[in-house]
Every structure is written in C-alpha cells, then in structure tokens.
Protein chains: 2
Amino acid sequence: MTIRVEGMMRDSQDTWLPQPDLDEVDIGEVLQALADPVRLQIVRLLAAAGEGSCTSLDVPVKRSTVSHHLRTLRESGVVATRLVGNTRLSRLRTAELEERFPGLLVSILAATPRARQLVG
Amino acid sequence: MTIRVEGMMRDSQDTWLPQPDLDEVDIGEVLQALADPVRLQIVRLLAAAGEGSCTSLDVPVKRSTVSHHLRTLRESGVVATRLVGNTRLSRLRTAELEERFPGLLVSILAATPRARQLVG
DNA sequence: ACCGTCGTACGATGCTCATCGTACATGACG
DNA sequence: CGTCATGTACGATGAGCATCGTACGACGGT
C-alpha cells in the first residue's frame, strides 16, 4: 500500500522523497541528467554500491553540490531517495527505467569509461 | 580500401569528414552530445530519413547553428558526414555505435517523446 | 540539554555553450 | 563569367548551470 502525505510517500516502513512517474518523463531530461560527468559517476557508484548518501558518495565536489546533483537525478526519474533517520539513501530506479527506456541504463553502465580494455 | 588525406578520408567514391574512432570515444561525450534537444531532434530526423544536410533538416534554428550541432555530433562519434558536390550529407553511425555502446542508440530512438501512447 | 552530523536552501560567481549575424570559400547552374 | 546556394569560420551575446560558502533545521548520541 502506498499513501501520499505532503508530496512525500510512505511505503511499508520507509518514507520516500517525491519522485516523478516515469511515464511522464522525457528521455531528453534523462539524457541531460546523465550528461554531467559528476552525475554519471554518481550513477556508476550507486549501481556498484546499491545505495548512497550525500556524504558517502566519493565524488570530487562539496556536499551541497552532491545534494544538488542528487536532486537533479531524482527529479529526472533516475534515482529514488529514501529517508532513514537523519540521512537520505538514494538508489537507482533500475527496474522502472528498464521498463520505460529498455536498454538505456544497461548500455550506459556496461560502457567502459574510454577505450575497451584488452584482457589476456 | 581507406586512405587518409589531410585529415579527411576517401572511401571508394565518397569523401568523408574526419571522425573519431569509436573505441576512443567516452560515453560521457556521447551523452553530452545527445542531451541537447535540437541535436536529439536531428538524431531522430536522421534515423527517419537516413541522411540529412544542413539545410534539409527541419529544426527551429539557423543554418550556422545546425552546422555547429552537426559538427558536435560528428566529433562525438554519433554521425558521419559525406561530401557530395557542394553539400554535406550526414548519417548516423548506427552499426558502429551499436557495437561500441550496445542498446544505447536503439533505446533512445525507441523512446517516445513523453508518455507512452495508449493504442487500441 | 549540548554538540556533532547530515542534508538542504539560498545567494553569488564563473564558465560553458547554444544561438545568431556576418563574411567568406566552394561548387552548381545558366 | 556572373549568380545563387551551401556550409563553415568567427566574434558577440545571452542564458543556463555547476560549484562553492554559509546558514539553518532536523536528528542522534552523550
């Protein structure tokens, strides 16, 4: 069951920050969100760690900037943010993104940063 | 057979503007190229028409701006430009992009502009 | 109650870049 | 050879935005 309270959402035990319905999200906004190098790094870190907060993410910018990037990613539908105590844990909306834009996130995460590595 | 002359390339009958090897292209640059709404529209038009020139593409910007966008798309590895007479015909590097970033271009082109259409 | 941590809001700043107008080189056409 | 179209280079301009510092509210631990 899911109820809305003041723009937020409560799902079982967790409270989530408001997030857009992916059906109403344009791929242009998603691409614009993923275009920034810091945000792309955040997406990669979230894909590897599962969850991440404003201070736990290892990116070369200040906390307030990370907060701004996580807000951008959330408003574009890329991540969902869960409130636990005093911290906010964000995670990729992997399944929903795969349903709305099949192959997009997978191809981005699978892509090596630059040239392909020659192994063996 | 392919030879390089002054940065350009000659392939059978056609001469092509210099373009990067996709193995040396970072996905961040590609995403940044596709993030602009006009360039995304150009990509969609090229996917539909196969080829397009600076004046044939129906976008709401001036010719010099279209030229700038096509240059950006070419330098990021998204399109290839062929010289024929006085015009330059650009096309998507569909096959090469699919090999380098599997599923990326497909997912972008398959995505509807906003919400999914309910058919039937 | 006190203090440290966490995240955000806000204003300021500086840089990137999309856009345009213009000028110019090139090729097609008569 | 003159004329027109095509595309690009270049400079100017304006807007968007990434970044930071600071202040503030909320929560947890002691």
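The structure this text deals with has already been given above.
Rules and cut-offs
Residues numbered from 1 in each chain as written. Chains lettered and ligands numbered in written order. Predicted model: local features only at pLDDT ≥ 70, side-chain atom pairs only at ≥ 80, totals over all residues. Heavy atoms only, no water. Near = heavy atom within 4 Å. Polar contact = N/O pair within 3.5 Å; in protein donor to acceptor, adjacent residues only side chain to side chain. Axes fitted to C-alpha atoms, helices over the stretch in contact; angles between N-to-C directions. Helix = DSSP H or I, 4+ residues; strand = E, 2+ residues; numbered from the N terminus. Parallel < 35°, antiparallel > 145°, perpendicular 65-115°, else oblique. Contact = heavy atoms within 4.5 Å. Nonpolar A, V, L, I, M, F, W, Y, C, P; charged D, E, K, R; others polar.

A.B. asks: Requested: an account of the protein's contact with DNA strand D, with residues and values cited.
C.D. replies: Neighbouring residues of DNA strand D: 19 residues in total, closest K62 and H69 of chain A together with T55, S67 and R88 of chain B. Of all DNA strand D atoms lying within 4 Å of any protein atom, the proportion belonging to sugar or phosphate reaches 75%. K62 of chain A is positioned such that a nitrogen or oxygen atom in its backbone is 2.8 Å from a phosphate oxygen of DNA strand D. Here a phosphate oxygen of DNA strand D and a side-chain polar atom of T65 of chain A are 3.3 Å apart.

A.B. asks: Go over the packing of helix α2 (residues 37-49) of chain B against helix α3 (residues 63-75) of chain B with me, naming the residues and quoting the values.
C.D. replies: All names here are of chain B. Interaxial distance between α2 and α3 falls to 10 Å at its minimum, and their mutual angle equals 75°. By the angle between their axes, α2 is roughly perpendicular relative to α3. Mapping the contact onto sequence places V38, R39, I42 and V43 in α2 and V66, H69, L70, T72 and L73 in α3.

A.B. asks: An account of the protein's contact with DNA strand C is requested, with residue identities and associated values reported.
C.D. replies: By nearness alone, 20 residues border DNA strand C, and T55, S67 and R88 of chain A together with K62 and H69 of chain B come closest of all. A share of 77% of the atoms of DNA strand C within 4 Å of the protein falls on sugar and phosphate groups. Within the side chain of N86 of chain A, a nitrogen or oxygen atom sits 3.2 Å from a base oxygen of DNA strand C. In this structure, a phosphate oxygen belonging to DNA strand C sits 3.1 Å away from a side-chain N or O atom of H68 of chain B. Looking at the surface near DNA strand C, the element that brings in the most residues is α3 of chain B, giving 4 residues. Partitioning the surface near DNA strand C into residue classes produces 3 nonpolar, 12 polar and 5 charged.

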